[in-house]
Amino acid sequence: MDLNMRLKIWLSSPHMGGEEENFVREAFATNWIAPLGPHVDGFEEDLVRFLGKGHAAALSSGTAAIHLALIILGVKPGDLVLCQSLTFSASANPIIYLGATPVFIDSEAETWNLDPALCERAIIDALEGRILPGRPVQPKAIIPVHLYGMPAKMREINRIASKFEVPVIEDAAEALGSEYFGKKCGTLGRMGILSFNGNKIITTSGGGALVSEDPEVIRTARFLASQARDDAPHYQHSKLGYNYRLSNVCAAIGRGQMTVLPARIGRRRENHERYRSFFTRLNGRGYDIRLLPEPERHHSNRWLTTITIDPAKNGGVTREDVRLAFLAENIEARPLWKPMHLQPIFAGAPRYETGVSETLFRDGLCLPSGSNLTEAEFERIFGVLDGLFR
Ligand SMILES: *Cc1c(COP(=O)(O)O)cnc(C)c1O
């Protein structure tokens, strides 16, 4: 057996462009091996230039960015924060860090993201004391997520947010480079968060950013992220601080990655089109495997290509059958995010569900989507699918 056949195909692996090492070498040459330095500043500028507006604070992770965003909005123990249920746990964990209560909102079927109508219902229930019995409260924030790169219905969400004066924190961790009505994801709410974890569209090995049009928000984020040191010659603190700044070495990797970001988006979108023509052919043989189309004015970076397989329409084949067939060939595929309202850790949290995310979790699968997938790897992937769907 050809040894290459057994090499693992990853869902989404880091893809260096070549410039990263030069930036890192420069960090070493200038001895900026610290959680501050010229590359941190430069990376923030690169991000803002790419996003086309606002300000950015480079941080140690996307999770840290959400945590700081909630702190800046004044989230305290006992507060309610509305959060998309179908997401990675990092969207919701910082709500718990602060002793607040997440209210999980199901998805709509068109983008798989936060359902605006349900979100409105939850806000009204909170205001009328139906979520915390007998205690009418204004939710402190709404966290929509642009899952797998697909922009959420931000117009509707922002309309509700402004009607009830609840600020929006956009979780754009998976959507760097995605656009909604011509504007970049991450710039559509009061604050946006990005992630540069190893599996994201670009990576700093680990890292994140908080983005906002309000310079005061970003100043506060940088202050809190570097242990909230007051302006004094000695160490003086009048606020609780965090060690959340991005390392200058990691920022160096990020600067290199920013030079190839448009190319990475292009490749991910090409991957998606390849899968789409493959499944169109397959469906011609009587199957019904669905990809997520882009609604009008939604432009996804197609971070991951995802499919849904309803076994009732596909001869009983489940997404788990597909995943296991891939696994046997050393190809990584993953179920969609398991909704937060189904997670043991959030068992007691209030939820507004319609069953959309639950069905997506049952039927959905993320396919290998790296921008560095080779021709031979695509052939292995399609070979597995052809074997399963004869
Ligand atoms: C990756 C991710 C995060 C968290 O980012 P980290 O940098 O890993 O902390 C948050 N939300 C979503 C939807 C993500 O995919």
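Residues numbered from 1 in each chain as written. Predicted model: local features only at pLDDT ≥ 70, side-chain atom pairs only at ≥ 80, totals over all residues. Heavy atoms only, no water.

1. Side note on the nonpolar core
Point 1. Membership of the largest hydrophobic core comes to 61 residues, with the highest contact counts inside it found for Ile-105, Ile-142, Leu-176 and Leu-194.
Point 2. Here this core spans two domains, since at least three of its residues come from each of domain 1 (20-260) and domain 2 (262-388).
Point 3. Here Ile-105 is in contact with Leu-82, Cys-83, Gln-84, Ser-85, Leu-114, Asp-115, Leu-118, Cys-119, Ala-122 and Tyr-352, once residues within four sequence places are set aside.
Point 4. Core analysis: the next-biggest nonpolar cluster, separate from the first, contains 35 residues, Ile-66, Ala-221, Ala-225 and Met-340 among them. (Core = buried A, V, L, I, M, F, W, Y, C linked by side-chain atoms within 4.5 Å. Buried < 20%, exposed > 50% of the residue type's maximum accessible area, 1.4 Å probe, protein only. Domains from an automatic or database assignment. Contact = heavy atoms within 4.5 Å.)

2. A short note on the sheet that holds strand S10 (residues 289-291)
Point 1. Strands sit in the order S10-S12-S15-S13 across an open sheet of 4 strands; the sheet is antiparallel. Because the sheet does not close on itself, it has two edges, and the strands there are S10 and strand S13 (334-335).
Point 2. As paired strands, S10 and strand S12 (residues 305-309) are joined by 3 bridges and run antiparallel to one another. When the sheet's bridge partners are listed, Leu-291 is paired in S12 with Ile-307.
Point 3. Packing against the sheet, helix H10 (residues 319-328) makes contact with S12, S13 and strand S15 (364-367), and its axis sits at approximately 25 degrees to S15. (Pairing = 2+ DSSP bridges. Helix = DSSP H or I, 4+ residues; strand = E, 2+ residues; numbered from the N terminus. Axes fitted to C-alpha atoms, helices over the stretch in contact; angles between N-to-C directions.)

3. Description of the site of the ligand
Point 1. Taken together, 15 residues sit near the ligand, with Thr-63, Asp-171, Glu-174, Ser-195 and Lys-200 positioned nearest.
Point 2. Asn-197 places a polar side-chain atom, nitrogen or oxygen, 2.8 Å from an oxygen atom of the ligand.
Point 3. At a separation of 3.2 Å, an oxygen atom of the ligand approaches a polar side-chain atom of Lys-200.
Point 4. For the ligand, the accessible surface in isolation is 380 Å², of which the surrounding protein chains cover 95%.
Point 5. Taken together, the residues of the shell around the ligand sort by class into 4 nonpolar, 8 polar and 3 charged. (Near = heavy atom within 4 Å. Polar contact = N/O pair within 3.5 Å; in protein donor to acceptor, adjacent residues only side chain to side chain. Areas by Shrake-Rupley, 256 points an atom, 1.4 Å probe, with all protein chains shown as cover. Nonpolar A, V, L, I, M, F, W, Y, C, P; charged D, E, K, R; others polar.)

4. Thoughts on the packing of helix H2 (residues 38-51) against helix H8 (residues 248-258)
Point 1. Between H2 and H8, the least distance of the axes is 8 Å, while the angle of their chain directions is 35 degrees. Of the two elements, H2 crosses H8, and the hand of that crossing is left-handed. Taking contact as the criterion, the partners of Pro-38, His-39, Val-40, Gly-42, Phe-43, Asp-46, Leu-47 and Phe-50 in H2 are, on H8, Asn-248, Ala-251, Ala-252, Gly-254, Arg-255 and Met-258.
Point 2. Within the contact of H2 with H8, the residues separate by chemical class into 8 nonpolar, 4 polar and 2 charged. (Left-handed = near helix turned anticlockwise from the far one by under 90°.)

5. Here's the deal with the sheet that holds strand S6 (residues 179-180)
Point 1. The strand order across the open sheet formed by 3 strands is S7-S6-S11, and the pairing between neighbours is antiparallel. Strands at the two margins of the open sheet, each flanked by one partner only, are strand S7 (183-184) and strand S11 (298-299).
Point 2. As judged from the 2 bridges shared by S6 and S7, these two strands associate in the antiparallel manner. When the bridges of S7 are listed, Glu-179 appears paired with Lys-184.

6. Looking at the domain arrangement of the protein
Point 1. Under the domain assignment, the protein is made up of domain 1 (20-260) and domain 2 (262-388).
Point 2. Summarising the inter-unit geometry, the C-alpha centres of domain 1 and domain 2 are found 26 Å apart.
Point 3. The interface is formed by 47 residues belonging to domain 1 together with 37 residues belonging to domain 2.
Point 4. Carbon and sulfur atoms make up 66% of the area that domain 1 and domain 2 hide from each other, which totals about 3,800 Å².
Point 5. Between domain 1 and domain 2 we count 21 residue pairs in polar contact (both at pLDDT 80 or more) in total.
Point 6. Of all the secondary structure elements, the ones that give two or more residues to the side of domain 1 that touches domain 2 are helix H4 (93-97), strand S3 (101-105), helix H5 (116-127) and S6.
Point 7. Tallying contributions element by element places S3 first for the side of domain 1 that touches domain 2, with 5 residues. (Buried area = accessible area lost by both parts, 1.4 Å probe.)

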